[in-house]
Each structure stands twice: as structure tokens, then as C-alpha cells.
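# Fold and geometry: a report
Each chain is listed here by its residues.
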Amino acid sequence: MKTSGDVIVAGGGAAAVRAALSAADAGARVIMVTGGGPAGSTYYPLSPAWGVMYAEGEKDCEEFFSEILSSSLGCINPKLVRRLVEDSAARYHDLQTWGLQFISLESIQLKTCFGASLRGAVLDDISSLIPLMLRQLHKRNVNYRPDLYAIDLAIADGQCCGLLCADREGRQVTLPAGAVVLAMGGAESLWQYCCAGGSLLGGAYGMAARHGTPLVNLEFIQFLLGTFSPLPGTLFYHFTMSTHPRLMDENDNPLLDCLPNGITEEACMDAHALHGPFTTLDASMYIERSILKRSRQNNRPCPAKLTYTCDIRSDHSFSRWNRYLERANIDATSQPFLLYPHCQGFNGGIEIDEHASTSIAGLYAAGESAGGIHGANRMGGNSILATQVFGHIAGTQAAAFAARSHVPLQQRAIFSAPSGEDHLSSGEVMRELKEAMQRYAFLERNESELLLALKKISEMESSFNACAVANREKSPAPFLVANALTAARMIVTSMLARQETIGGHLRTDTSVSSRNGKVQPQYLNRIQGG
């Protein structure tokens, strides 16, 4: 690939596809570096629903805008929210024109997580997603490269001029370009238990941070109840909590046996039926905190045991869940569900403006790689919506920038991650990193444990040399692991920086809280690497 008029899109999910399509529609020749093919939260197979929000008409847009601001608890960029809302209907209709079939949430009488209105739709058949998206890419002659893995940015004269990649043998390949879009998803796979695929290691965060691009709100991470059994890794259908199932620990003792005065088991379940992600906003948090309490006492994960006390198959509003269970041959009337918090999504990322631009000229971001669009809590369906709205903006803007870009890349890009001693393999680092994040940077956070996490990350960095290991292992994995270490450092630093408890960010070592208006929350928690 040559000429500064081309665009590289790094990633393989919904945001990357949307960016590639829009860049191609704007006249750019596009390379899509997917690192193994379609991957990420977009295509997670063990999810019973794939939803998207949208608003039509001025009145509906204003109501949608207000709902998003309210759910974010003030930790959001209103300009990005305005763009998200105003472009929502057009991007939703684009998905329909591709052939995706949706069911309105109003028709099944379900409100989205943290939402106040019967708004949005859910994909009828998630298995149709990948073939339809690949078809759109093929129609536009996008150069689809599953054999290359994005590992670093190519920067010249303060401008992003391409992408450093690694092939399947670990050899470094420099791709020049007029502009780059990072749409590589979040960092859910840094934890031992996640419901988002196995390749989300925060690569975009690590690459951007090392070149000084600000990151925002990385402490706002979505942890949802996922299953240990049956069908491990399934996102539990939180709406069914409204039926007041039986919640026990693994020894068949009541899970919620130590609730604060005035809070009942039913209140906890009713609150959780309104949203899947963990939040400190309401009584639902006592379900996850009770699970963590038993896990600490036993020094191992101790899931909750949920058993339905009624036949949920007769409830039309649970039709998505019932169809999912039927396909998996799971009898919900007789089989208990073992539930534990799983990492599912990131609400923060690389700071962008309304044009999806970052602080580096020629570098754009979209999807979970981008930050400022979502806040302390994220409305359900807004993640997919953001992939389409800001993926489209990023692709269009990148194509326009590339068309007028005149900064050639004169030399091969250099992998910028710190190099330590060659003592650990990539597999050893990932095991240690996942253990550290799960133990010290999970749902309940405090300064001493977060500092321990940083210490562990530093020790791994000093004992790991990505280039040497890649040469030995003949694999791109060491470069991805080095980026994961950088991303983990930025995430933990962000957790430390925000000292108040708000939304999904729980600090157990401070009395500062943004609940009930006790303090004014920090608008955006901005951190910078480099």
C-alpha cells in the first residue's frame, strides 16, 4: 500500500466495519487490519441480545439526550452525546438496509439498561451479523487483512502516518497511510472472567497512551453477571430478576443475608432487573458485593446460585432469553444458574471530539476504543449505536484528512513499548496480568490494592521483552501482551485518580461519594501516557 490518500482501520468489530465502509464510500482505498478476523464484543456468541438505541424526531431526540446525560451521572462529553443522538436514526436505518432484522423493544415491553423509555431495538438473529458485514466490506473492495495485527502507531512530525503491524510469524510490517482509525474494542480480556471474546486486550489504549494521547474514564467498566454454569460465559438475562428467583450461595445459604436496614432481597432483585451492569446507583449492588464477600472469605470465586421459582417460558418479555436457552438445550425450570461478575464492556477510552479526532493529527478512534461518549453508567444499546455513529464519522473524517495529507512516512516504524529483561513468555505475562487485575482491580477498589496492581505490572514490564520473545515464539502475541501491560497500567491509574464512588466505580477506602448529590462528579477523568 502506498500514497497518503489511503486509510487504515485497525479492528474487526462493528465500529471498525462502519469506519471502513464510510472511508471507502468517501473515496479512500481502505486497509482493514483485523488481527485474526472478526472479533470482540460485537460478535460475542454467548449473549442473548444485541441491541441498538435510536431516536426519531426533535422531541424524541431531546428526551434521548436527557436520558443519556442522566445515566452518565455527569461524567460525559455533552457534545459527543448530541452527535450520538442526532445521527442515531440514520445509522440505525443503515443497519436495516444491510439486511439486519430487528425487533423493537416496545413490542416486547422492555426498557434498556438505565433507560426511562421504551426505545430501541434488538437484533433478531445475531448469527446473521458477520456474513452481512463481510458482504458490505467486499462490495466496497476493502482490503481485509486478518493476517496482520496492529501493534503500534507510525508517527512522523506529530502526525499519524501509518500503522506498525505484526504478521502471524511475529515479523514487523509497517503500513504507511494518510490516516488511521483505531477501532480495536476495549480491554475486557485483561480479567480472568469476561463475556466479550478473548482478544480484547486494550491494544488501542496502549498504543495511543505511549504516544501521549489522552485517555478518559477508563475506570468506568461494565461488569455483568455471567454464568459459570450452565454454558459458561453466558451473559445472564437480568430482566428475569423481576420474577424474584431464589438466590443462594454455593452451600445453599441465602446469598443476601446481611443487607443494610431497610433494604430487602426483593428490592435488590427489582433494581437489578432494570439494568445488567454493576452500579452503586441502587440496591442491586448488594448482589455482586455479596458474591465478592463470600469469594474473599474462601479465597476463590464463589458464584451465586440462582433458581427460578416460576416458569419464565410463559412470559413474552423474556422471549429472547427463552429462545437462547432452548437453542442451548437448557431447562430453566429445573437447572440452577451459577452467576459471577464478568467484564463485559468499557465506557471510557481514547479522548475524541465530535469529529472522532484524537490529539494526534491523522488519528481517529471509534467504538470502545474511544472515550467521552459514555459515562459512569451506559444505557443499553448505546454501545452499538456509538460504533455506528462514530465509526461513520471516523471513517469519513479519516478519508478527508488522508486526501489532503502530505506527510510521507520516510522510515520503518519502531515498536515503542518499554523493553525489559527476557525472563517471561507471553503466556506467563498474560496469566500473571489477568490474576493481578482480577485480584486488585476488580469491582471493589482501594488505593493499597490498586498500587499493588501497578507494582505487579511494573515487575512484569521489567521482566518482559516483546521483540525478543516474538523472535523466539514466532508469534504476534508478545506485542499484543506488551500493549496489554500499557493498557492495564492506564486503567489502574485511572481507577486511582477517581477517588469518589460513582456508577460502576466503587472505592471502598474513601467516604467520598457522588451518590445522592453528595459531591459534584468529575466531568471526565483524563489521564495521559507518553
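Notes on the structure in this doc start here. Per chain, the residues get numbers from 1 upward, laid out in the order the sequence is written. Only residues with pLDDT of at least 70 get local features here, since the model is predicted, and only at 80 or more are side-chain atom pairs given and counted; chain-wide, interface and lining totals rely on the full set of residues. The basis for the side-chain values is all heavy atoms of the structure; hydrogens and waters are excluded.

### Section: the nonpolar core
- Counting residues in each nonpolar core, the largest one holds 174 residues, and the members touching the most others are Leu163, Leu190, Trp191, Ile287, Phe337, Leu433 and Ile491.
- Per element, the largest residue contribution to this core is 12 residues, and it comes from helix 14 (residues 477-497).
- Contacts: residue pairs with any heavy atoms within 4.5 Å of one another. Not counting residues within four places of it along the chain, the set of residues in contact with Phe337 comprises Thr227, Ser229, Pro230, Phe236, Ala304, Lys305, Leu306, Tyr308, Trp321, Leu325, Ile330 and Ala332. Residues grouped as a nonpolar core are buried Ala, Val, Leu, Ile, Met, Phe, Trp, Tyr and Cys residues, joined through side-chain atoms within 4.5 Å. The rule is simple: take the accessible area with a 1.4 Å probe, protein chains only, and divide by the maximum for that residue type; under 20% is buried, over 50% is exposed, in between is partly exposed. The numbering of helices and of strands both runs from the N terminus, where a helix is a DSSP run of H or I of at least 4 residues and a strand a run of E of at least 2.

### Examining the sheet that holds strand 1 (residues 7-10)
- Two strands qualify as a pair provided DSSP detects at least 2 bridges between them. Taken in spatial order, the five strands of this open sheet run 6-2-1-10-17, and their pairing is parallel. What marks the edges here is a single partner per strand, and that holds for strand 6 (143-145) and strand 17 (363-365). Strand-to-strand twist of the sheet, defined as the mean angle between neighbouring strand axes without regard to direction, takes the value 20°.
- Across three bridges, strand 10 (residues 179-182) lies against strand 17 in parallel orientation. In the sheet register, Val180 faces strand 17, and the bridge partner there is Leu363. Fitted lines through C-alpha atoms give the axes, limited to the stretch in contact for helices. The angle between two N-to-C directions lies from 0 to 180 degrees.

### Focus on the environment of Trp321
- Relative to the elements of secondary structure, Trp321 occurs in helix 9 (residues 319-327).
- Judged by its relative accessible area of 0%, Trp321 falls in the buried class.
- Sequence spacing of Trp321 and Gly233 is 88 residues, and the spatial spacing of their C-alpha atoms is 15 Å.

### Structural notes on the state of the cysteines
- Our working definition of a disulfide is a cysteine sulfur pair at a distance within 2.5 Å. Here the structure, examined in full by the defined rule, presents zero disulfides.
- Cys113 carries a free sulfur, and the closest cysteine sulfur to it, the one in Cys195, is 14 Å from it.
- Summary of cysteine pairing: Cys194 is not part of a disulfide, and the nearest cysteine sulfur, belonging to Cys343, is at 6.8 Å.
- For Cys194, a relative accessible area of 19% corresponds to the buried category.

### Observations regarding the sheet that holds strand 8 (residues 159-166)
- Read across the open sheet, the three strands follow the order 7-8-9; overall the sheet is antiparallel. A strand with exactly one partner marks an edge of an open sheet, and here the two such strands are strand 7 (149-156) and strand 9 (172-176). Averaged over all neighbouring strand pairs, the angle between strand axes comes to 30°, with direction disregarded.
- Where strand 7 meets strand 8, seven bridges bridge the pair, whose relative direction is antiparallel. Bridge pairing in strand 8 links Ala154 to Gly162.
- Strands in contact with helix 6 (residues 203-210) are strand 7 and strand 8; relative to strand 7, the strand with the most contacts, it is inclined by about 20°.

### Regarding the packing of helix 12 (residues 447-462) against helix 14
- Between helix 12 and helix 14, whose axes approach to 10 Å, the crossing angle comes to 160°. In terms of orientation, helix 12 and helix 14 fall into the roughly antiparallel class. As for the relative orientation of helix 12 and helix 14, their crossing is left-handed in sense. Residue-level contacts link Glu447, Leu450, Leu451, Ala453, Leu454, Ile457, Ser458, Met460 and Glu461 of helix 12 to Leu485, Thr486, Ala488, Arg489, Val492, Thr493, Met495 and Leu496 of helix 14. Oblique is the label for every angle not falling under 35 degrees (roughly parallel), over 145 degrees (roughly antiparallel), or within 65 to 115 degrees (roughly perpendicular). Left-handed is the label given to a crossing in which the near helix is rotated counterclockwise from the far helix by less than a right angle, and right-handed is the label when the rotation is clockwise.

### Digging into the pairing of strand 7
- Of all the eight residues making up strand 7, seven are buried; the element is thus mostly covered by neighbouring parts of the structure.
- The turn joining strand 7 and strand 8, which pair antiparallel and follow one another in sequence, is formed by two residues; a positive phi near 55° is taken by Asp157.

### Overview of the pattern of salt bridges
- The salt bridge criterion pairs a side-chain nitrogen of Lys or Arg with a carboxyl oxygen of Asp or Glu, the two atoms within 4 Å. Tallied over the entire structure, the rule returns 26 salt bridges.
- A salt bridge links Arg119 to Glu67; the shortest N-O distance between them is 2.5 Å. Separated by 52 residues along the polypeptide, Arg119 in the loop between strand 4 (102-104) and strand 5 (121-123) and Glu67 in helix 2 (residues 58-72) bring together distant segments of the chain.
- Classification of Arg119 by relative accessible area gives buried; the value is 6%.
- Residues Glu250 and Arg300 are paired through a salt bridge, measuring 2.6 Å at the closest nitrogen-oxygen approach. One end of the pair, Glu250, is in the loop between strand 13 (246-248) and helix 7 (265-272); the other, Arg300, is in the loop between helix 8 (285-298) and strand 14 (304-307), with 50 residues separating them in the sequence.
- For Glu250, a relative accessible area of 32% gives the class partly exposed.
- The exposure class assigned to Arg300 is partly exposed, which follows from its relative accessible area of 40%.
- Bridged by salt links that share partners, the residues Arg18, Arg91 and Asp94 form one connected network.

All quantities given are derived from atomic positions and should not be read as evidence of function.
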